Amino acid sequence: MSTLQPCPACGADIESDSHYCDQCGAALMKCPQCGRFCKGKFCARCGVPTVAASEAAAPAAAQPAAPVQAPPAVAEARSLVCGAMGVTLPLEAGAVIGRITGRYAAQLGTFKYVSGTHARLDRDSSGWSITDLGSRNGTAVNGVRCSPTLPFRKGDTIRLSNFYDFTVQ
């Protein structure tokens, strides 16, 4: 039986048997233990590793919980690199990305399609995320538009203003 659950990427209510969010298009990850959509590699509620919603079976509530394993060591993301423009932005929690305001205004002053106050970088226990601050031309992570926040990690591509691609390194 399908129920409504919030999409972890955009917050829209979607059917619990969905594989992709019908509002933002994000591929959904699911906890095989409790059946909830999850944002990261591990369920925030029960700590079980998540799986793609397309591969998830019905919740296994009657089965004993699998032992919680520590997340695998992942190289830490340290910067955003726009090779086409020759710009490297060191990641800093709470930093605003903008052509006029924010931590990176000096580096982004010539990026004419980036808004004056475009986006914000945040870091918490689950990793890095970027929030679009109402920019005119948008922000996306790996082709998924922020509405307003999306997580990212090393190797991902962040696109500012449908024009400038930054690789997370």
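Whatever comes next refers back to the structure up there.
Bear in mind that the values here come from a model prediction, so they are computed numbers and not experimental data. (Residues numbered from 1 in each chain as written. Predicted model: local features only at pLDDT ≥ 70, side-chain atom pairs only at ≥ 80, totals over all residues. Heavy atoms only, no water.)

## So, the side chain of Asp156
Point 1. Following the sequence through the fold, Asp156 ends up in the loop between strand E13 (149-152) and strand E14 (157-160).
Point 2. Despite being buried, Asp156 has no salt bridge partner; Arg153 is the closest side chain of opposite charge, sitting 4.6 Å away.
Point 3. Reaching out from Asp156, the side chain makes a polar contact with the side chain of Asn142 at a distance of 2.9 Å.
Point 4. In this view, Asp156 contacts Val141, Asn142, Phe166, Thr167 and Val168; residues no more than four positions away in its chain are not counted. (Helix = DSSP H or I, 4+ residues; strand = E, 2+ residues; numbered from the N terminus. Buried < 20%, exposed > 50% of the residue type's maximum accessible area, 1.4 Å probe, protein only. Lys, Arg positive; Asp, Glu negative; His and termini not counted. Salt bridge = Lys/Arg side-chain N within 4 Å of Asp/Glu carboxyl O. Polar contact = N/O pair within 3.5 Å; in protein donor to acceptor, adjacent residues only side chain to side chain. Contact = heavy atoms within 4.5 Å.)

## Details of the sheet that holds strand E3 (residues 29-30)
Sheets are built from strands paired through backbone hydrogen bonds, the pairs being either parallel or antiparallel.
Point 1. Taken together, the three strands give an open sheet; going across it, the order is E4-E3-E5, and neighbouring strands pair in antiparallel fashion. Across the chains shown, the open sheet's two edge strands, defined by having one partner strand only, are strand E4 (37-38) and strand E5 (51-52).
Point 2. For E3 and E5, the ladder comprises two bridges, and the chain directions are antiparallel. Pairing of Lys30 across the sheet is with Val51, part of E5. (Pairing = 2+ DSSP bridges.)

## Here we look at the environment of Val114
Point 1. Here Val114 lies in the loop between helix H1 (105-108) and strand E9 (119-124).
Point 2. Taking the C-alpha atoms as reference, Val114 lies 9.1 Å from Ile100; in sequence the two are 14 residues apart.
Point 3. Residues in contact with Val114, not counting those within four places in the same chain, are Gly98, Arg99, Leu160, Ser161 and Tyr164.

## Here we look at the pairing of strand E10 (residues 127-132)
Point 1. Counting buried residues along E10, six of its six residues qualify, which places the element largely inside the surrounding structure.
Point 2. Here E9 runs beside E10; their pairing, made up of six bridges, is antiparallel. Paired with Arg120 across the two strands is Thr131, which belongs to E10.
Point 3. Linking E9 to E10, which pair antiparallel, is a turn of two residues.

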